[in-house]
Amino acid sequence: MDGQEGTQTYFGGPTLLAATSALVFSASVALLYVRYQSRIFKDSNSSSGCFQSASGNDENQEDAPSETAVQVTVLYGTQTGTAERFAKKLVTEAVPRYGGKARFRAVDVEEWDFKDQLPKADVLIALFATYGDGEPTDSASDFVRWLEDQEEADEEPLLGKPFGVFGLGNRQYEHFNAMGKLLDKRFTKLGGSRLVPVGLGDDDENIEDDFDRWTERLWSSLDEALGGGAGGGAAAAAAAAPAYDAEVLPAGTPEAAGAGSLGHGHAAPAMVRVAEVRELHSAESERSCVHVELELGGSGLSYTAGDHVGVHPANSEEAVEAAAGLLGVPLDSVVRLSLPEGRAADLLSAPPPTPATLRTLLTWHTDLLGPVHRPALAALAACASDAADKDRLALLSSQEGKQEFASWVSQPQRSLLCVMREFPSARPSLGLFFGAIAPRLQPRYYSISSAPAASDGRMSITCAVVDEETSAGRRHRGVASMWLARQSEGAEVPAHVRSSTFKLPRRHETPIIMIGPGTGIAPFRGFLQERATARAAGKDLGEALLFFGCRDRAKDFIYEAELRDFVRSGVLSELFTAFSREDPGKKDYVQHHLLANAERVWGLIGEGGHLYVCGDAKRMAKDVHEALVEAAQKARGLSREAAAAELHFLADCGRYLKDVW
Ligand SMILES: Cc1cc2nc3c(=O)[nH]c(=O)nc-3n(C[C@H](O)[C@H](O)[C@H](O)COP(=O)(O)OP(=O)(O)OC[C@H]3O[C@@H](n4cnc5c(N)ncnc54)[C@H](O)[C@@H]3O)c2cc1C
Ligand SMILES: Cc1cc2nc3c(=O)[nH]c(=O)nc-3n(C[C@H](O)[C@H](O)[C@H](O)COP(=O)(O)O)c2cc1C
């Protein structure tokens, strides 16, 4: 898959497509060229100009761009950090490629004052992820809404502005890359001029490769306009690895703030108190899943059943100590990080709040155990003192070393700590480590497993604990899940609430069908609590079916007693269970029960019922969708296409909702 679908979505047949694309592309490149040349001309006539000609050999071309350089805004909308990483990679590669001719800046859409800043951007590059059911990230929702308003008002805020869009998504989701496609379309409608076909990155396959391919196409159109190219690429970018200015302050300097200052904007957390942590699996189970109750009193947080909570975890002490050892800096050192002067600042986001001890920075702000990316290896190569380490790291970070990177880093899931242990001569400065090597530790989201009306000021999480061995022999203990499982009563946890569209129907009489194996049960526990409260208040309830699955009823049938109580009280009409590992000869999954109850399920849908699916996105949600299609064929005598269209229709009108991850 090449990750490029672009203009094909919006134009007619192939011939018209080719002609139109070529025309649009030439127009935008010409426009940029004119803009650039006119600036150079202005510059060459002024004493303050930073370079004299577009093609001249003036050394200043490689220096910081002048105020009149072409302003390229690389805007990103991210939830888990990939779009941000790509934006920084793009900017890092652009610096040596275009020197002083253009100023590329990576900007988080949440921090972008678009009404003020959009007119100042000569070129707009947008890297946006899709979430929910084809929705923008929380950080991008205001921007996307504003674009819609502009379109409705027939405004053209992007008139003549060259743009490029790369969407980040996953083909497993029904609305694949909805945001990338929407922005590409909307930017065009608002007068923008497309530089490259929209890139559709698929993180079910290899989104890094998709992005690299799209970037190459972007460079070739920008090269044409800006006359860049030489000196570009990943190798040059490695030399430009950005670093914060870092200083170690005298012992005893007070810290700015600790965990309370994690995240920002929509993801700014409040501290909540742990009221209870209890194991949900039986003693016979080889795995663990915990029920965590959080006290919301005084936190200012509120939620409704079906929302998500973002938990901001801490690294284990073991990982933090190992990292400090590898950096050669004592954990109690008080560190100040600040943005450097000049272009390096364009590659960096604001540092975590400092002064802070190295312990605070490594515990709360730094991803030490997650996947390692090539730019981090390039930055490590730059500081390795041993020639063999330097060469090997440079190879792993290079385009030629892609295969080696895949087999030595990605497949065996080597973490940053593992890599740093294997290359002890690569000892980065604190500024380089926090600026270019270690990503920010991201919050983890959980489907809230309670309803406020039934929970007395608390919210609960149902968390499967990740504890696995990688093929490199490393034991990976899930950063957040293991941390949550280890909390004890009274501990404080940073968390924020993210509202979702995964909600019960407005009328309690409307039938519902819930499908949630494993921790996919989480939001349905909240739904059932909400229905129980409604019933207690004298409301009539429609039918409710729940399809739950786990491996073995003796080990991991979580919340069994509560579910049986819900059935007894009539809050849940029927509970269907699938145990996948009880009978070695037969894998029993929720989808088999859906199919076996096709008439009942589609009968309720026929009465206006709502369908809900929660849990694993990669396999379960797909298999369940397939089973629902088959069930419709069986129960309604529909063709496959008509059955799929029926589900599509239900999804479009909000009656087939998924909360899958
Ligand atoms: C909207 C939403 C709702 C969710 N709801 C729930 C819920 O209700 N209950 C629940 O249990 N979970 C839920 N999750 C999942 C949850 O957010 C976490 O992803 C999960 O708890 C694991 O996080 P962790 O920090 O413990 O594991 P991590 O440390 O993040 O590890 C998780 C996985 O990442 C990969 N990985 C980690 N390190 C590396 C490496 N160095 N190289 C390559 N791969 C690596 C591995 O595959 C590993 O299994 C939800 C997720 C989303 C997005
Ligand atoms: C809860 C959840 C919902 C998602 N929904 C969609 C979706 O509707 N369409 C899509 O193409 N990708 C979807 N994705 C995939 C993400 O867009 C993809 O992983 C992307 O690379 C994330 O980028 P980020 O790290 O910058 O946030 C979803 C991912 C998660 C975890």
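Note that this is a predicted model, so its numbers are computed, not measured. (Residues numbered from 1 in each chain as written. Chains lettered and ligands numbered in written order. Predicted model: local features only at pLDDT ≥ 70, side-chain atom pairs only at ≥ 80, totals over all residues. Heavy atoms only, no water.)

### A closer look at the overall build of the chain
- Secondary structure summary: the chain contains 22 helices and 23 strands in total.
- Sorting the 661 residues of the chain into buried and exposed places 54% on the buried side.
- Relative to all contacts within the chain whose residues are 6 or more apart in sequence, the contacts with residues 24 or more apart total 78%.
- With an accessible surface of roughly 27800 Å², the chain has 50% of that area assigned to carbon and sulfur atoms. (Helix = DSSP H or I, 4+ residues; strand = E, 2+ residues; numbered from the N terminus. Buried < 20%, exposed > 50% of the residue type's maximum accessible area, 1.4 Å probe, protein only. Contact = heavy atoms within 4.5 Å. Areas by Shrake-Rupley, 256 points an atom, 1.4 Å probe, with all protein chains shown as cover.)

### Some words on the packing of aromatic side chains
- Summed over all chains, the structure comprises 26 aromatic pairs.
- Note on phenylalanine 114 and tryptophan 146: the rings are 5.0 Å apart at their centroids and 40° apart in plane angle, and the pair reads as tilted. One end of the pair, phenylalanine 114, is in helix α3 (residues 114-117); the other, tryptophan 146, is in helix α4 (residues 141-152), with 32 residues separating them in the sequence.
- An aromatic cluster is present here, built from Trp112, Phe114, Phe128, Phe143, Trp146, Phe163 and Phe187 joined pairwise through their rings.
- A cation sits over an aromatic face here: arginine 414 above tryptophan 408, 4.1 Å from the ring centre. (Phe/Tyr/Trp six-rings, centres within 6.5 Å; stacked < 30°, edge-to-face > 60°. Lys NZ or Arg CZ within 6 Å of the ring centre and 35° of its normal.)

### Description of the environment of serine 415
- Positionally, serine 415 belongs in the loop between α12 (402-410) and α13 (416-422).
- Of the residues examined, serine 415 reaches a relative accessible area of 1% and is grouped as buried.
- Taking the C-alpha atoms as reference points, serine 415 and valine 372, separated by 43 residues in sequence, lie 5.9 Å from one another.
- With residues up to four places along the chain from it excluded, the contact list for serine 415 reads Leu368, Leu369, Gly370, Val372 and Arg474.

### Some words on the environment of arginine 475
- As for its placement among the helices and strands, arginine 475 is situated in strand β17 (residues 475-477).
- Look at arginine 475 and you get partly exposed, because its relative accessible area is 43%.
- Beyond its immediate chain neighbours, meaning those up to four positions away, arginine 475 contacts Asp467, Glu468 and Glu469.
- Among the polar contacts listed, one links the side chain of arginine 475 to the side chain of aspartate 467, at a separation of 2.6 Å. (Polar contact = N/O pair within 3.5 Å; in protein donor to acceptor, adjacent residues only side chain to side chain.)

### Quick notes on the pattern of salt bridges
- All told, the structure shown has 36 salt bridges when counted by the stated rule.
- The partner of aspartate 212 in a salt bridge is arginine 374, and the shortest N-O contact between them spans 3.0 Å. In this pair, aspartate 212 is assigned in helix α6 (residues 207-226) and arginine 374 in helix α10 (residues 374-383), connecting sequence segments 162 residues apart.
- In this structure aspartate 212 comes out as buried when scored by relative accessible area, which is 12%.
- The salt bridge partner of glutamate 646 is arginine 636, with a shortest N-O separation of 3.4 Å. Here the residue glutamate 646 occupies a position in helix α22 (residues 640-652), and arginine 636 occupies one in helix α21 (residues 620-636), the gap between them amounting to 10 residues.
- For glutamate 646, a relative accessible area of 24% gives the class partly exposed.
- Look at arginine 636 and you get partly exposed, because its relative accessible area is 34%.
- Among the charged side chains, a salt-bridge network with shared partners connects Arg273, Glu293, Glu295 and Arg458. (Salt bridge = Lys/Arg side-chain N within 4 Å of Asp/Glu carboxyl O.)

### Here we look at the site of ligand 2
- The environment of ligand 2 is formed by 21 residues, the closest being Thr78, Thr80, Thr82, Thr130 and Asp203.
- Between an oxygen atom of ligand 2 and a main-chain N or O atom of threonine 130, the distance comes to 2.6 Å.
- Interatomic distance of 2.5 Å between a side-chain N/O atom of aspartate 203 and an oxygen atom of ligand 2.
- Protein chains bury 89% of the 650 Å² of accessible surface belonging to ligand 2 in isolation.
- Secondary-structure elements contributing two or more residues to the shell around ligand 2 are α2 (82-98), β3 (123-131) and β5 (162-169).
- At three residues, the largest contribution of residues to the shell around ligand 2 is made by β3.
- Across the shell around ligand 2, the residue classes break down as eight nonpolar, 12 polar and one charged. (Near = heavy atom within 4 Å. Nonpolar A, V, L, I, M, F, W, Y, C, P; charged D, E, K, R; others polar.)

### Side note on the side chain of lysine 101
- Considering the arrangement of structural elements, one finds lysine 101 in the loop between α2 and β2 (102-108).
- Assessed through its relative accessible area of 6%, lysine 101 is described here as buried.
- A polar contact of 3.3 Å, which involves the side chain of lysine 101, links it to the backbone oxygen of leucine 226.

### Details of the sheet that holds strand β9 (residues 270-279)
- The six strands lie next to each other as β14-β11-β18-β9-β10-β15, forming an open sheet whose pairing is antiparallel. The open sheet has two free edges, formed respectively by β14 (444-447) and β15 (458-464), since each of these has just one partner strand. Between one strand and the next, the sheet's axes are offset by a mean angle of 40°, whatever the strand orientation.
- Examined bridge by bridge, strand β11 (residues 308-311) and β14 share four bridges and lie antiparallel to one another. Bridge assignment links histidine 308 to a residue of β14, and that residue is serine 447. (Pairing = 2+ DSSP bridges. Axes fitted to C-alpha atoms, helices over the stretch in contact; angles between N-to-C directions.)

### Considering the site of ligand 1
- The local shell around ligand 1 holds 26 residues, among which Tyr445, Tyr446, Glu468, His476 and Ser481 are the closest.
- Tyrosine 445 places a main-chain nitrogen or oxygen 2.6 Å from an oxygen atom of ligand 1.
- The separation between an oxygen atom of ligand 1 and a polar side-chain atom of histidine 476 is 2.7 Å.
- In isolation ligand 1 exposes 960 Å². Once the protein is present, 78% of that is buried.
- Contributions of two or more residues to the shell around ligand 1 are made by β14, β15 and α15 (479-485).
- In terms of residue count, β14 provides more of the shell around ligand 1 than any other element does, four residues in total.

### Digging into the environment of aspartate 122
- In this fold, aspartate 122 is placed in the loop between α3 and β3.
- Within the structure, aspartate 122 has its side chain in polar contact with the backbone nitrogen of glutamine 71 (distance 2.8 Å).

### Things to note about the sheet that holds strand β21 (residues 574-579)
- Strand order across the open sheet formed by five strands is β21-β20-β19-β22-β23, with parallel pairing between neighbours. The sheet terminates laterally at β21 and β23 (656-660), the two strands that pair on one side only. If you compare each strand with its neighbour and ignore which way they point, the axes differ by 10° on average.
- Inspection of the sheet shows strand β19 (residues 512-515) paired to strand β22 (residues 610-615) by four bridges, in the parallel sense. Looking at the pairing, methionine 514 lines up with tyrosine 612 of β22.
- Packed on one face of the sheet, α21 meets β19, β22 and β23 and runs near 155° to β22.

### Let's talk about the nonpolar core
- Core analysis: the largest hydrophobic core is formed by 45 residues, its most contacted members being Leu358, Leu362, Leu377, Leu393, Phe433 and Phe434.
- Of all the secondary structure elements, the ones that give two or more residues to this core are α8 (317-327), β12 (334-338), α9 (358-365), α10, α11 (387-397), α12, α13 and α14 (430-437).
- Excluding residues within four positions of it along the chain, phenylalanine 433 makes contact with Leu327, Leu362, Thr366, Leu368, Leu416, Met420, Pro428 and Ala438.
- Counting 32 residues, the second-largest nonpolar core is a separate cluster that includes Val74, Tyr98, Val123 and Val196. (Core = buried A, V, L, I, M, F, W, Y, C linked by side-chain atoms within 4.5 Å.)

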